Amino acid sequence: MPLPRKEILADGIELHLGDFREWAPHCIDYFHHLSCDPPFEQRSHDTTGSIRRADGVIAPAPLAFDGVDEMRDDMVLRTKMKCSGWMLCFCTTEGVAIWRDSIEKHGLKYKTPLIWNKPDSLPKFNGQGPSHGHECIVSAWAGSGYARWNGGGRRGVFTHNCNWPGREPAHLGGHQTAKPLSLMMELVDLFSNRGETVADFCMGTGTTGEACIRLGRKFIGIESNPKWFTYACRRLE
């Protein structure tokens, strides 16, 4: 684990290098909302991901980080302790019920799974069934009273391509699970208000942070991988 490091890029924009389980309890006083893309369950890590080699062969591309299983309860508990609004966490379809159980166990108000529809997702290369065309986003309310957002009664379905111009493929050094800026801007816009603070415990390349800056939100990002922490610092500067 790298030594903890903190960068203040501007008023209300702070980034932390390290494990959120070490940073969140002592160094973060409060935030309005959590928007986070944690790892999927280890079972999914063991079976998900593939790349096409130069010779045309499809080869597995194991994810370079552990599954969420050992950190899920900690993430929910830290959110309960520090958050006064929404908790949004990306997950698999199979993971929704596991997240719900953890959320309810720790006293947050479980809401509904949102859907990120991915029109350009990869096909099932072996042809033995349909490919995944979406990810889920578990939503929960950590605040008091009724949940409040900016979406009225609209459906929780968000359609954004998972590949965009300039995205660096994972097998060439890009982040394996990067999210499109357009998706994160839509989520930040709907689930927070200008001037509020959005936290991300698994910041990655800082996409949520960029969405917050563009939309007038404050941002607290935590990332355990030094490579992506440095990338996020440069991006958000």
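Residues numbered from 1 in each chain as written. Predicted model: local features only at pLDDT ≥ 70, side-chain atom pairs only at ≥ 80, totals over all residues. Heavy atoms only, no water.

Looking only at helices and strands, the protein features seven helices and eleven strands. Counting the 237 residues in the protein, one finds 46% classified as buried. Residue pairs at least 24 apart in sequence account for 71% of intrachain contacts in the protein once pairs closer than 6 positions are excluded. For the protein, the exposed surface amounts to about 12,100 Å²; the carbon and sulfur share of it is 51%. (Helix = DSSP H or I, 4+ residues; strand = E, 2+ residues; numbered from the N terminus. Buried < 20%, exposed > 50% of the residue type's maximum accessible area, 1.4 Å probe, protein only. Contact = heavy atoms within 4.5 Å. Areas by Shrake-Rupley, 256 points an atom, 1.4 Å probe, with all protein chains shown as cover.)

Here we come to the environment of G174. Note on placement: G174 falls in the loop between β9 (157-159) and α5 (181-191). As a C-alpha pair, G174 and W228 span 54 residues in sequence and 9.7 Å in three-dimensional space. Excluding anything up to four places from it in sequence, G174 contacts E168, P169 and W228.

Spatial strand order, β1-β2-β11-β10-β3-β6-β8-β7-β9: nine strands in an open sheet with mixed pairing. Since the sheet does not close on itself, it has two edges, and those belong to β1 (5-10) and β9, each with one partner. When strand polarity is set aside, the average angle formed by the axes of neighbouring strands in this sheet is 20°. By the bridge criterion, five bridges tie strand β2 (residues 13-17) to strand β11 (residues 218-223) in an arrangement that is parallel. (Pairing = 2+ DSSP bridges. Axes fitted to C-alpha atoms, helices over the stretch in contact; angles between N-to-C directions.)

The next subject is the pairing of strand β3 (residues 33-36). Of the two faces of β3, the one lined by H33 and S35 and the one lined by L34 and C36 are each fully buried. Direction of pairing for β3 relative to strand β10 (residues 197-200): parallel, over a ladder of two bridges. Bridging across to β10, L34 finds its partner in A199. Here three bridges tie β3 to strand β6 (residues 86-91), and the two strands are oriented parallel to one another. Each bridged residue has a counterpart across the sheet, and for S35 the counterpart in β6 is L88.

Quick look at the pattern of salt bridges now. Overall, the coordinates contain twelve salt bridges when judged by the stated rule. For R21, the salt bridge is made with D19, and the minimal N-O distance between the two is 2.9 Å. A residue is classified by how much of its surface remains accessible, and R21, at 29% relative accessible area, is partly exposed. Between K118 and E135 there is a salt bridge, with its nearest N and O atoms 3.1 Å apart. Here K118 is found in the loop between β7 (109-117) and β8 (134-141), whereas its partner E135 is found in strand β8, with 17 residues between them in sequence. (Salt bridge = Lys/Arg side-chain N within 4 Å of Asp/Glu carboxyl O.)

This next bit is on helix α7 (residues 226-236). Listing the buried residues of α7 in full gives W228, F229, A232, C233 and L236. Down the axis of α7, the sector holding all buried residues measures 140°, keeping them to one side. Contacts made by the buried residues of α7 are with β1, β2, α6 (207-214) and β11. Where α7 begins, one side-chain oxygen reaches toward the backbone nitrogen of K227, 2.8 Å away; that side chain belongs to N225. (Arc of directions from axis to C-beta. Polar contact = N/O pair within 3.5 Å; in protein donor to acceptor, adjacent residues only side chain to side chain.)

The next point concerns the pairing of β8. Burial of β8 is extensive: seven of the eight residues sit out of reach of the surface. Bridge count between β6 and β8: six bridges; the pairing is antiparallel. Residue pairing for β8: C89 is matched across the bridge by V138. One ladder, built from seven bridges, connects β7 with β8; its direction is antiparallel. Residue pairing for β8: L114 is matched across the bridge by I137.

The next subject is the side chain of T205. As for its placement among the helices and strands, T205 is situated in the loop between β10 and α6. With a relative accessible area of 10%, T205 lands in the buried category. Those residues in contact with T205 that sit more than four places away from it in its chain are H175, W228, Y231, A232 and R235.

Membership of the largest hydrophobic core comes to 28 residues, with the highest contact counts inside it found for L15, F90, I137, L183, L187, F191 and F219. Listing elements by their share of this core, those giving two or more residues are β2, β6, β7, β8, α5, α6 and α7. Considering every element that reaches this core, the biggest residue donor is α5, with six residues. If we ignore the near neighbours within four places in the chain, the residues touching L187 are F90, I137 and F158. (Core = buried A, V, L, I, M, F, W, Y, C linked by side-chain atoms within 4.5 Å.)

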